[in-house]
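# Structure assessment
This is what each chain is made of:
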Amino acid sequence: MTADDSFGRLDDDDYPAYTMGRAAEMLNTTQGFLRAIGEARLITPLRSDGGHRRYSRYQLRIAARARELVDQGTPIEAACRIVILEDQLAEAQRINAEHHRTDKTAGRPVA
């Protein structure tokens, strides 16, 4: 991969561009918090060739939501489950909206 390819991927929400230290700094949290939500299987960071955790912007948004819930007093395991369910609901709503758009453009009645 060339430098030009790497810069182009920075717009990719799933590109693991952030080290654990930088991710913790951006979220104003600890590296331990990031490890804990990884252990709770909320996010699974990719690993660099050297074995270091790397996070994407999408993962940072998920982690930020979990941090918000934990800061409000929700236990970390429950916060992770809530975030997973919220993410699944958002994806289901996106798919549903896409199906409705497809039905409208195909001339089919929409229920």
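If you're wondering where the values come from, they're calculated on a predicted model, not measured in any experiment.

### Focus on the packing of helix H2 (residues 20–27) against helix H3 (residues 31–39)
Two numbers describe how H2 lies on H3: the axes approach to 8 Å, and their chain directions differ by 105 degrees. When the interaxial angle is binned, H2 and H3 end up roughly perpendicular. In contact with Met20, Gly21, Ala23, Ala24 and Leu27 of H2, H3 contributes Gln31, Leu34 and Arg35. Across the contact of H2 with H3, the residue classes tally to five nonpolar, two polar and one charged.

### Observations regarding helix H4 (residues 57–71)
End to end, H4 covers 21 Å across 15 residues, agreeing with the expected 21 Å (1.5 Å per residue, within 8%). Against strand S1 (18–19), H2, H3, strand S3 (53–55) and helix H5 (76–105) lie the buried residues of H4. Directly beyond the C-terminal end of H4, a positive phi value near 105 degrees is found at Gly73.

### Observations regarding the side chain of Ser56
Its location among the elements puts Ser56 in the loop between S3 and H4. Take Ser56: its relative accessible area is 3%, and that puts it in the buried class. When residues no more than four places from it in sequence are discounted, the contact partners of Ser56 are Asp13, Asp14, Tyr15, Pro16 and Tyr18.

### Details of the pattern of salt bridges
All chains considered together, the criterion is met by eight salt bridges. Measuring nitrogen to oxygen at the nearest pair gives 2.5 Å for the salt bridge that ties Asp13 to Arg61. Residue Asp13 is found in the loop between helix H1 (3–9) and S1, and its partner Arg61 is found in helix H4; the two are separated by 48 residues along the sequence. On the basis of relative accessible area, Asp13 is assigned to the partly exposed category, the value being 27%. Using a relative accessible area of 45% as the deciding quantity, one classes Arg61 as partly exposed. Because the salt bridges share partners, they merge into one network encompassing Asp13, Arg57 and Arg61.

### As for the nonpolar core
Membership of the largest hydrophobic core comes to 18 residues, with the highest contact counts inside it found for Leu34, Ile37, Leu42, Ile43 and Tyr55. At the level of elements, H2, H3, H4 and H5 are the ones that each hand at least two residues to this core. Top contributing element to this core by residue count: H4, with five residues. Not counting chain neighbours up to four residues away, the residues in contact with Ile37 comprise Leu42, Ile43, Ala63, Ala66, Ile76 and Cys80.

### Examining the sheet that holds S3
Note: strands within a sheet are paired through backbone hydrogen bonds, in either parallel or antiparallel orientation. Taking strand neighbours across the sheet as the criterion, the three strands line up as S1-S3-S2 in an open arrangement whose pairing is antiparallel. The sheet is open, and its two edges are formed by S1 and strand S2 (46–47), each paired on a single side. With two bridges joining them, S1 and S3 adopt antiparallel strand pairing. For Thr19, the partnering residue across the bridge sits in S3 and is Arg54.

Scoring rules and cut-offs
- Residues numbered from 1 in each chain as written.
- Predicted model: local features only at pLDDT ≥ 70, side-chain atom pairs only at ≥ 80, totals over all residues.
- Heavy atoms only, no water.
- Axes fitted to C-alpha atoms, helices over the stretch in contact; angles between N-to-C directions.
- Helix = DSSP H or I, 4+ residues; strand = E, 2+ residues; numbered from the N terminus.
- Parallel < 35°, antiparallel > 145°, perpendicular 65-115°, else oblique.
- Contact = heavy atoms within 4.5 Å.
- Nonpolar A, V, L, I, M, F, W, Y, C, P; charged D, E, K, R; others polar.
- Expected span 1.5 Å × (residues − 1).
- Buried < 20%, exposed > 50% of the residue type's maximum accessible area, 1.4 Å probe, protein only.
- Salt bridge = Lys/Arg side-chain N within 4 Å of Asp/Glu carboxyl O.
- Core = buried A, V, L, I, M, F, W, Y, C linked by side-chain atoms within 4.5 Å.
- Pairing = 2+ DSSP bridges.

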